[in-house]
Amino acid sequence: MKLKVIFALALLAMFVGSVSAAQTTVGDYKFNIPDGYEQDHSLDITGQKTDINSVPCHVDSKTFSKYFQHVAITVTSPDSGKLPNEMKSYYGGGHDSQLKGMDGYVSLDGRDYVYSYVHDGNWIVIKTDDLYGIENVIA
């Protein structure tokens, strides 16, 4: 009887482990990547220099795909200081929203949904074709 219980617990542990999402780090932030999504390393951006409203920044980005679905995560960090909270609505045409305690902005960019928010002065953008999957990406 004890052997059956141990076997059942082992199977349950394997099942729970198989449905949990993998994690990745973009910039200094952790994100959940849904099962089955593979990183497209050809689209990675690491430390690319840019200016936003005359503020020198660097950009980190990773893109993941599964069949015809995708998730792109971009973190823009100012070299000094903080980006203004208004950056969350940069994509325009959307509306204020809150996911996992983050005050952000949801908009539509072509066929992709974009959730953007400012956290600790860094601008974070999650772009995907699945509106309901965005919340699962935020760790």
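Residues numbered from 1 in each chain as written. Predicted model: local features only at pLDDT ≥ 70, side-chain atom pairs only at ≥ 80, totals over all residues. Heavy atoms only, no water.

Draft legend 1. View of the overall build of the protein chain. Helix and strand counts for the protein chain stand at two helices and 10 strands. Put simply, the protein chain runs from its N terminus to its C terminus through helices and strands in the order α-β-β-β-β-β-β-β-β-β-β-α. With 139 residues in all, the protein chain has 34% of them scored as buried. The long-range fraction of contacts in the protein chain, counting pairs at least 24 apart against all pairs at least 6 apart in sequence, stands at 42%. (Helix = DSSP H or I, 4+ residues; strand = E, 2+ residues; numbered from the N terminus. Buried < 20%, exposed > 50% of the residue type's maximum accessible area, 1.4 Å probe, protein only. Contact = heavy atoms within 4.5 Å.)

Draft legend 2. Fine view of the environment of Cys-57. With respect to the helices and strands, the residue Cys-57 is situated in strand S5 (residues 55-66). In this structure the C-alpha to C-alpha distance between Cys-57 and Ser-80, which are 23 residues apart in sequence, comes to 8.0 Å. Setting aside its immediate chain neighbours within four residues, Cys-57 contacts Gln-48, Lys-49, Thr-50, Asp-51, Ile-52, Thr-76, Ser-77, Pro-78, Asp-79 and Leu-83.

Draft legend 3. Just the pattern of salt bridges, in detail. Taken as a whole and assessed by the stated rule, the structure comprises three salt bridges. Here Asp-79 and Lys-49 are joined by a salt bridge, their closest N and O atoms 3.5 Å apart. Taken together, the positions of Asp-79 in the loop between strand S6 (69-78) and strand S7 (95-99) and Lys-49 in strand S4 (residues 45-52) put the pair 30 residues apart, joining distant regions of the chain. In this structure, the salt-bridge partner of Lys-127 is Asp-109, at a minimum N-O distance of 2.7 Å. Residue Lys-127 is located in strand S10 (residues 122-128), and its partner Asp-109 is located in strand S8 (residues 102-109); the two are separated by 18 residues in the primary sequence. (Salt bridge = Lys/Arg side-chain N within 4 Å of Asp/Glu carboxyl O.)

Draft legend 4. Focus on the layout of surface pockets. Counted as a void, the largest pocket has a volume near 290 Å³. Around the largest pocket, the lining comprises 16 residues; the ones closest to its centre are Thr-74, Thr-76, Tyr-91, Trp-123 and Val-125. Within the residue set of the lining of the largest pocket, elements represented by two or more residues are S4, S5, S6 and S10. Tallied by class, residues from the lining of the largest pocket come to nine nonpolar, five polar and two charged. (1 Å grid on protein atoms, 1.4 Å probe; cavity = no way out; pocket = protein on both sides within 12 Å on 5 of 7 lines; lining within 4 Å. Points joined across faces, edges and corners; volume = space filled by probe spheres on them. Nonpolar A, V, L, I, M, F, W, Y, C, P; charged D, E, K, R; others polar.)

Draft legend 5. Summary view of unusual backbone geometry. Located in the positive-phi region is Lys-100, a residue other than glycine, with phi close to 50 degrees. As for its position among the elements, Lys-100 is in the loop between S7 and S8. One non-glycine residue, Asp-120, lies in positive phi territory at about 55 degrees. The topology assignment puts Asp-120 in the loop between strand S9 (112-119) and S10. On the accessibility criterion, Asp-120 (55% relative accessible area) is exposed.

Draft legend 6. Structural detail: the pairing of S4. Summarising the sheet, S4 and S5 pair through six bridges and their orientation is antiparallel. Of the residues in S5, the one forming a bridge with Asp-51 is Pro-56. Between S4 and S5, which pair antiparallel one after the other, the connecting turn spans two residues, and Asn-53 there sits at a positive phi close to 50 degrees. (Pairing = 2+ DSSP bridges.)

Functional significance is not addressed by these values, which are geometric in nature.
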